[in-house]
Amino acid sequence: MAGKNKGERFSDRLDVVIAGAGYVGLAIAVSLVQARPGLKVLVVDAAPEGVWQRDGRASAIAAAAARMLRRLGCWDEIAPEAQPIVDMVITDSRTSDPVRPVFLTFGGEAAPGEPFAHMVMNRDLTGALRRRAGELGVDIVQGVAVEGFETEPAEIVIRLGDGAGLRTRLLIAADGVKSRLRNMAGIRTLNWEYGQSGIVCTVAHERPHEGRAEEHFLPAGPFATLPLKGNRSSIVWTERTKDAERLVAEDDLVFEHELEQRFGLKLGEIRVEGPRRAWPLGLTLARDFVRPRFALAGDAAHGIHPIAGQGLNLGFRDAAALAQVVVEADRLGEDIGALDVLQRYERWRRFDTVQMGVTTDVLNRLFSNDIAPLRAVRDIGLGLVDRMPGMKSFFVRQASGLSGSAPRLLQGEAI
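What you see is a predicted model; the values in this text were computed from it and never measured.

**Some details on a nonpolar patch on the surface**
Taken together, the side chains of Val354, Val358 and Val362 define a hydrophobic patch exposed on the protein surface, amounting to about 220 Å² of accessible area. Take valine 354: it is sitting in helix α9 (residues 339–367).

This is the structure in structure tokens:
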């Protein structure tokens, strides 16, 4: 893979610098250079080399994102390790309930032979994107942060942590929900904490899951089991932050006992594989997505509750939309860092982002409680949806990421 050493100076003027070598930053880089090989694109990342290989988490990849990855030349590498989600079951109960009644089931395909989502290990996703970036000649500088930048009329001057200086037409911040670059750009956020944390781990179980995902709405928050390859599942377990910290600190016996109470015994005995970690949950929405020669993408623009499993797919929508705007502007001979060009991206993504943020916020507040009247209303609502095939098809389409004005890459088309 092409790369640069820390401390090396870049004398040439670049077209695009992307801060963040996660899936969003890499997807933008690959999309741009694949469509416009003449663009000079550099990715810089503050994390040390190889950190991504130790990421034991998994993510749900919607059908639209899989189409994008196929178009970018990454899916054939990912597919052998990707687990299709063939259906999903939703329950609403308490941990102590002996039976969890099923109120809603989803099944079906985005298109014939195309599952509406797959579960993919994060390291497999990142590895495929890094390989493709290397094939296209995209340089990735690891272990160096952007320490500051100054916007000039025709370019941005960037200062890196190792003393190197860069000049580029466009700087893209894909550096996560606590984005330092967003703060440097003076972009404010709407932000609040839920008082919840998400416990993430992987479990092995005796019997096969048959590609079924389950989400149990419990009083403290949703508990999701998501199928992985083999007899394994990824757990996303929401608890009040104080309880989550206590659970993660417990020994294996206590943790697995608490986990079994929520997971159940339908798949036989369970065993936790690898580390377990907890992340505080909140809602973060950037008030602006762009400034002159500067754009936010992925979690730097929005951080949402994992209740709908759409965080990663929102990031891919950003990547596809921003790449399409930049590529089309470059073909027309426009300045890709001009504010009026970048505002096309902002207008395209703002409504979808706010809508998803509000939806996940409302769902979390509605279901993360044990108030009897609310429980009755939501259970009736789930039951009604379960009896309406048209409504269920609509939700499957939404979960696939194929509704609305999806960018071309998400439809499996070239930019």
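**Details of the pairing of strand β10 (residues 139–142)**
Of the two faces of β10, the one lined by Asp139 and Val141 and the one lined by Ile140 and Gln142 are each fully buried. Sheet analysis places strand β2 (residues 41–45) next to β10, joined by four bridges and oriented parallel. Across the sheet, residue valine 44 finds its bridge partner in β10, namely valine 141.

**Details of the environment of glycine 137**
One can find glycine 137 in the loop between α4 (122–135) and β10. According to the relative accessible area criterion, glycine 137 is partly exposed, its value standing at 45%.

**Things to note about the pairing of strand β15 (residues 212–218)**
In terms of residue burial, β15 counts as a mostly covered element, since six of its seven residues are buried. Sheet topology note: the strand β5 (residues 87–92)/β15 ladder contains six bridges and is parallel. Of the residues in β15, the one forming a bridge with isoleucine 90 is glutamate 215. Sheet analysis places β15 next to strand β16 (residues 221–228), joined by five bridges and oriented antiparallel. Within the sheet, the bridge partner assigned to phenylalanine 217 lies in β16 and is proline 222.

**Overview of empty space enclosed by the protein**
Applying the stated criterion across every chain yields a total of one cavity of 30 Å³ or more. Here the largest cavity is characterised by a volume of approximately 30 Å³. Surrounding the largest cavity, Ala62, Ala64, Ala65, Asn313, Phe316, Arg317, Gly401 and Leu410 form its lining. Mapped by element, the contributors of at least two residues to the lining of the largest cavity are α2 (63–71) and α8 (311–331). Partitioned by chemical class, the residues of the lining of the largest cavity number five nonpolar, two polar and one charged.

**Notes on the nonpolar core**
Counting residues in each nonpolar core, the largest one holds 87 residues, and the members touching the most others are Ile61, Leu125, Phe294 and Phe316. In terms of residue count, the dominant contributor to this core is α8 (11 residues). Setting aside anything within four residues of it in sequence, one finds phenylalanine 316 in contact with Tyr23, Ala27, Ile61, Ala65, Met68, Leu69, Leu125 and Leu410. The next biggest cluster of nonpolar side chains, apart from the first, holds 17 residues, and it includes Phe106, Ala117, Phe217 and Leu226.

**Re the packing of aromatic side chains**
Any two aromatic rings considered together are summarised by their centre-to-centre distance and by the angle between their planes. The full count for this structure, using the stated rule, is six aromatic pairs. For the ring pair phenylalanine 217 and phenylalanine 367, a centre distance of 4.1 Å and an interplane angle of 25° mean the geometry is stacked. Within this pair, whereas phenylalanine 217 is found in strand β15, its partner phenylalanine 367 is found in helix α9, the two being separated by 150 residues in sequence. As far as the burial class goes, phenylalanine 217 and phenylalanine 367 line up, both buried.

**Considering the pattern of salt bridges**
Where side chains of opposite charge bring their charged atoms close, a pairing between them can arise. Taken as a whole and assessed by the stated rule, the structure comprises 30 salt bridges. For arginine 130, the salt bridge goes to glutamate 49, with nearest N and O atoms at 3.6 Å. With arginine 130 in helix α4 and glutamate 49 in the loop between β2 and β3 (58–62), this residue pair connects regions lying 81 residues apart in the sequence. Residue classification places arginine 130 among the buried positions, given a relative accessible area of 4%. Two residues, arginine 349 and aspartate 352, come together in a salt bridge whose shortest N-O distance is 2.7 Å. Of this pair, arginine 349 and aspartate 352 both sit in helix α9, three residues apart, which is roughly one turn of that helix.

**With respect to α9**
Its 29 residues place the ends of α9 41 Å apart at the C-alpha level, agreeing with the 42 Å of an ideal helix rising 1.5 Å per residue. Of all the bends in α9, the greatest measures close to 35° and is centred on arginine 349.

What counts, and at which threshold
Residues numbered from 1 in each chain as written. Predicted model: local features only at pLDDT ≥ 70, side-chain atom pairs only at ≥ 80, totals over all residues. Heavy atoms only, no water. Patch = residues over 30% accessible without salt bridge, like charges linked within 9 Å, V, L, I, M, F, W, Y side chains within 5 Å. Areas by Shrake-Rupley, 256 points an atom, 1.4 Å probe, with all protein chains shown as cover. Salt bridge = Lys/Arg side-chain N within 4 Å of Asp/Glu carboxyl O. Helix = DSSP H or I, 4+ residues; strand = E, 2+ residues; numbered from the N terminus. Buried < 20%, exposed > 50% of the residue type's maximum accessible area, 1.4 Å probe, protein only. Pairing = 2+ DSSP bridges. 1 Å grid on protein atoms, 1.4 Å probe; cavity = no way out; pocket = protein on both sides within 12 Å on 5 of 7 lines; lining within 4 Å. Points joined across faces, edges and corners; volume = space filled by probe spheres on them. Nonpolar A, V, L, I, M, F, W, Y, C, P; charged D, E, K, R; others polar. Core = buried A, V, L, I, M, F, W, Y, C linked by side-chain atoms within 4.5 Å. Contact = heavy atoms within 4.5 Å. Phe/Tyr/Trp six-rings, centres within 6.5 Å; stacked < 30°, edge-to-face > 60°. Expected span 1.5 Å × (residues − 1). Bend = angle between axes of the 7 residues up to and from the residue.

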